[in-house]
Amino acid sequence: MAQLFEAFGINWHLLIAQAVNFGIVLLALRYFLYTPVMKVLEDRRAVVAKGVEDARLAGEKLAHADTEAAGKVNAADTKADEIVKSARLEASEIKTTMLAEAEARALQIGKDAEAQAREAKEKAKRESEKDVARIAVLAAEKILKTK
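We now turn to the structure provided with this report.

Calculation notes
- Residues numbered from 1 in each chain as written.
- Predicted model: local features only at pLDDT ≥ 70, side-chain atom pairs only at ≥ 80, totals over all residues.
- Heavy atoms only, no water.
- Helix = DSSP H or I, 4+ residues; strand = E, 2+ residues; numbered from the N terminus.
- Buried < 20%, exposed > 50% of the residue type's maximum accessible area, 1.4 Å probe, protein only.
- Areas by Shrake-Rupley, 256 points an atom, 1.4 Å probe, with all protein chains shown as cover.
- Lys, Arg positive; Asp, Glu negative; His and termini not counted.
- Charge placed at Lys NZ, Arg CZ, Asp CG, Glu CD.
- Salt bridge = Lys/Arg side-chain N within 4 Å of Asp/Glu carboxyl O.
- Patch = residues over 30% accessible without salt bridge, like charges linked within 9 Å, V, L, I, M, F, W, Y side chains within 5 Å.
- Expected span 1.5 Å × (residues − 1).
- Bend = angle between axes of the 7 residues up to and from the residue.
- Polar contact = N/O pair within 3.5 Å; in protein donor to acceptor, adjacent residues only side chain to side chain.

### With respect to the overall build of the protein chain
Turning to step 1, where the next piece is worked out: When you go through the protein chain residue by residue, the secondary structure sums to two helices and zero strands.
Turning to step 2, where the next piece is worked out: Judged by the C-alpha coordinates and their principal axes, the protein chain covers about 195 × 30 × 20 Å.
Turning to step 3, where the next piece is worked out: Classification of the 147 residues of the protein chain by burial places 0% in the buried group.
Turning to step 4, where the next piece is worked out: Total accessible area computed for the protein chain in this model is approximately 13,600 Å², and 65% of it derives from carbon and sulfur atoms.
Turning to step 5, where the next piece is worked out: When the 24 basic and 23 acidic side-chain charges of the protein chain are each reduced to a single mean position, those positions are 10 Å apart.

### Quick notes on the environment of W12
Turning to step 1, where the next piece is worked out: Mapped onto the elements, W12 comes out in helix 2 (residues 12–146).
Turning to step 2, where the next piece is worked out: Spatially, the C-alpha atoms of W12 and A2 are 8.0 Å apart, while their sequence positions differ by ten residues.

### Let's talk about the environment of D66
Turning to step 1, where the next piece is worked out: Position of D66 among the secondary structure elements: in helix 2.
Turning to step 2, where the next piece is worked out: Sequence separation of D66 and Y34 is 32 residues, and the distance between their C-alpha atoms is 47 Å.

### A word on the pattern of salt bridges
Turning to step 1, where the next piece is worked out: What the rule picks out here adds up to eight salt bridges.
Turning to step 2, where the next piece is worked out: Ionic pairing is found between K39 and D43, a salt bridge with its closest N-O pair at 3.8 Å. Of this pair, K39 and D43 both sit in helix 2, four residues apart, which is roughly one turn of that helix.
Turning to step 3, where the next piece is worked out: Exposure remark for D43: the relative accessible area of 40% places this residue in the partly exposed category.
Turning to step 4, where the next piece is worked out: What emerges from the salt-bridge pattern is a single network uniting E53, R56 and E60.

### Brief notes about a nonpolar patch on the surface
Turning to step 1, where the next piece is worked out: Side chains of V25, L29, L33, Y34, V37, M38 and L41 sit close together on the surface and give an oily, nonpolar patch of about 640 Å² of accessible area.
Turning to step 2, where the next piece is worked out: Looking at where L41 falls in the secondary structure, it is placed in helix 2.
Turning to step 3, where the next piece is worked out: The partly exposed category is assigned to L41, whose relative accessible area is 46%.

### A word on helix 2
Because an α-helix completes one turn every 3.6 residues, residues spaced three or four positions apart along the sequence face the same direction.
Turning to step 1, where the next piece is worked out: Taking 1.5 Å per residue as the helical rise, helix 2 with its 135 residues ought to reach 201 Å, and the 187 Å between its terminal C-alpha atoms agrees with that figure.
Turning to step 2, where the next piece is worked out: Along helix 2, the largest kink reaches about 40 degrees and is centred on R30.
Turning to step 3, where the next piece is worked out: Two to three positions downstream of the cap, the backbone nitrogen of H13 sits 3.2 Å from a side-chain oxygen, assigning the N-cap of helix 2 to N11.

Set out below in structure tokens:
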């Protein structure tokens, strides 16, 4: 084998030294470059995996929040409809009560007005009877004076 190396001009001492140097450089590159780069890549892969998991969880939370919000909106709509229905019913009852009170008041005012009108009519009638009686007395006096 030594003759083969000499035929091709290869110095085996130099070849072994270069092999040892290559091994040392290979170990140094693996220790100082390959291992830290692989660690950084693994850390980044973990960060990306965590980001994907967080995004999935956020999507689930968003879907749950949307469902919950829709439920709350439906509940609020139902409650609002009940409140409006209750308010309309109460307003209708109040309207009926107020109309009945107003009609009763109007009827009472009408009765009072009729009573006042009758009273005024009676008073006017009495006054006119008094006036007629006074005029009759005056006329009778005048007639008696003239006769």
